[in-house]
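# Fold and geometry: a report
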Amino acid sequence: MRIAGVEMMREIDRIAVEEIGIPAPVLMENAALACIRNLDLTKGYFVVVCGRGNNGGDGFAIARHLYCMDKEVDVFYISEGSDYKTETRTNFRILKRLGVPMIPLSSETMWSFREALKDADVVIDSLVGTGVAKPLRDFLRQVIQEININSKYVLSVDVPSGMNADNGETMGQVIDADMTVTFQCMKRGFLNYDAMSKLGRVIVENIGIPGPVEAKAEKGEFLTDHALARSLVPLRDKTGFKSNYGKVLVVAGSSGFTGAALICTEAAISTGSGLVTLCSREEVFQSLVLRLKEAMSIHPDDLEDGTGRADVVVFGPGLGAGDVTFDMLLRVIKSMQENGGRSKTLLLDADGLNVLKDRTEILTHLDFNVILTPHVGEMSRLCGLSSEVIQKNRIDTARSFAQEHKCIVVLKGYNTVITDGKTAYVNPTGSSAMAQGGMGDALAGIIGSLCGQGLEPLEAAILGTYLHGYIGDELAGENYIVKASEIIEAIPGCMKRLQDSKR
Ligand SMILES: NC(=O)C1=CN([C@@H]2O[C@H](COP(=O)(O)OP(=O)(O)OC[C@H]3O[C@@H](n4cnc5c(N)ncnc54)[C@H](OP(=O)(O)O)[C@@H]3O)[C@@H](O)[C@H]2O)[C@H](O)CC1
Ligand SMILES: [K+]
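Just so it is clear, the structure is predicted and the values come from calculations on it, not from any experiment.

## As for the overall build of the protein chain
When you go through the protein chain residue by residue, the secondary structure sums to 20 helices and 19 strands. Expressed as lengths along the three principal axes of its C-alpha atoms, the size of the protein chain is roughly 85 × 45 × 45 Å. Considering only residue pairs separated by 6 or more positions, the protein chain has 72% of its internal contacts joining residues 24 or more positions apart. Approximately 21200 Å² of the protein chain is accessible, and the part contributed by carbon and sulfur atoms is 49%. Charge centroids of the protein chain, computed over 52 positive and 64 negative side chains, lie 3 Å from each other.

Quick look at the structure:
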């Protein structure tokens, strides 16, 4: 599914109407019906609040459909401002002719508006959508405030009125929606963490604009969906050997952080790697070796040999920050360069990222694939921006770092961003039920394993993050929190279900 800002939505609309010839009223009708599909139609009394732009036009059309269904509908509308756009005027006039109750909003009607909001089972917010770019005028702010204070349930049409669809910021006052039915594409601003609390449940509805039209206007930003994830699960050949499913070397674990090494290693095994080897810091090597079952081990003195044999190196979980880790990283990089890089992948996580602080230029000269999996704090150390700035610009930060350093960035957190600098994918799965130590180590092992099984690094990162969060969501349906070891246990079953649904 594509992610779009205001300019892209306008362009999609323009191409659909002007170049393809889909009539604009058809799009408005489809938009209205998409909202109707998501309304609880067992309810009896609906209040529709409309602005003067096309967002308001959607609302007038929704009111008509509710009227046709014999629902009790009151329409309140903004009476001051610029002329109605053509389709909005058409829908406004139809309602007038039908005799649907239509009340212009003003200081005189504010009292009856308030009473209607209180009585309504559902309030439909159709004041403004993607057409607003500057702070709202006072009267509109007041209307929004009344809706927020007095309504039981609000469905926002396309965008909660007052939210900037590009960046999620509030333009003076914003509707606090219970559900947002947005059209055609996920809006970029909805991915802003501050915006999320205003959106309620987000439903993206197709309003009859064909995919190729969207593609003409796209900006290379997507939301991973189930169909994409499913299409990426590698099919296993009946005759395959363990050596066909990738040799993964995990370089992880130091004193006090042995769990990270085990979790990462086991995640790679559970995701389907044929051969997984663990190399840790010297001081924990013996104790870790005793705890491995399916995985092999190599002593840190043999790091170059192990690297040379591996298709993928996952470097960093629990390895400890400091010079020893940095030296190990340099040895891995040298060995990968000398052993026919190109098809190999180095995934850097946790301390593998921390040792790159002020040394990120190392990344730009490598012949092999590099994946970085930072959380926001690690990203901040890598790029020098504050966590606050990064959280407000997650896609842009990850994308420009990936572009500059010729690598793939997986910027973790709610709505993890995966990008190679050209395209960016936002992962919708996962939740705070997964906010536990070890989760990142598991993700690193999963992505590393998928690279070893032949997926392109970007694909491996897209599928790995989706899978990790998807399993987390399934487990969180039944549990208050989810542990990394529970994720690992559930990986094979979840992959099998995905794979079977592909055939
Ligand atoms: N392709 C699609 O996705 C379709 C989307 N549809 C719907 O259309 C809206 C976008 O419609 P648009 O007419 O471009 O804009 P809005 O309705 O969101 O906003 C215009 C109205 O907002 C008023 N406005 C603008 N700035 C302010 C402000 N600062 N304070 C108060 N009011 C403001 C403006 O009034 P003016 O008097 O200032 O001109 C307009 O009344 C999209 O979101 C979808 O819902 C189509 O229906 C189908 C195709
Ligand atoms: K709206």
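## Quick word on the UniProt feature "binding site: K(+)" (unreviewed entry) in the protein chain
In this structure's numbering, the residues bearing the UniProt feature "binding site: K(+)" (unreviewed entry) are Asn-55, Asp-125 and Ser-161. The greatest C-alpha distance among the annotated residues, which extend across 107 residues, is 9.3 Å, indicating that they converge on a single site. Within the fold, Asn-55 resides in helix α3 (residues 54-68). The exposure class of Asn-55 is buried, given its relative accessible area of 8%. As for its position among the elements, Asp-125 is in strand β5 (residues 122-126). Ignoring anything within four residues of it in the chain, the contact list for Asp-125 reads Val-49, Asn-55, Val-154, Leu-155, Ser-156, Val-157, Val-159, Pro-160, Ser-161 and Ile-175. Of the polar contacts made by the side chain of Asp-125, one reaches the side chain of Ser-156; its length is 2.6 Å.

## Section: the UniProt feature "domain: YjeF N-terminal" (unreviewed entry) in the protein chain
Per the UniProt annotation, the sites labelled "domain: YjeF N-terminal" (unreviewed entry) are residues 9-215. In the segment residues 9-215, helix accounts for 43% and strand for 18%; the C-alpha atoms at its two ends are 11 Å apart.

## Some words on the packing of aromatic side chains
Scanning all chains against the criterion turns up eight aromatic pairs. On the numbers, 5.0 Å between centres and 45° between planes, the contact of Tyr-84 with Phe-92 is tilted. Ring plane angle 65° and centroid distance 6.5 Å describe the contact between Tyr-193 and Tyr-414, whose orientation is recorded as edge-to-face. Here Tyr-193 is found in helix α7 (residues 193-199), whereas its partner Tyr-414 is found in the loop between β17 (408-411) and β18 (417-419), with 221 residues between them in sequence. Aromatic ring contacts, followed pair by pair, group Phe-60, Tyr-77, Tyr-84 and Phe-92 into a single cluster.

Here is what the cut-offs are and how they apply
Residues numbered from 1 in each chain as written. Chains lettered and ligands numbered in written order. Predicted model: local features only at pLDDT ≥ 70, side-chain atom pairs only at ≥ 80, totals over all residues. Heavy atoms only, no water. Helix = DSSP H or I, 4+ residues; strand = E, 2+ residues; numbered from the N terminus. Contact = heavy atoms within 4.5 Å. Areas by Shrake-Rupley, 256 points an atom, 1.4 Å probe, with all protein chains shown as cover. Lys, Arg positive; Asp, Glu negative; His and termini not counted. Charge placed at Lys NZ, Arg CZ, Asp CG, Glu CD. UniProt positions renumbered as here; feature names shortened; annotations may be inferred. Buried < 20%, exposed > 50% of the residue type's maximum accessible area, 1.4 Å probe, protein only. Polar contact = N/O pair within 3.5 Å; in protein donor to acceptor, adjacent residues only side chain to side chain. Phe/Tyr/Trp six-rings, centres within 6.5 Å; stacked < 30°, edge-to-face > 60°.

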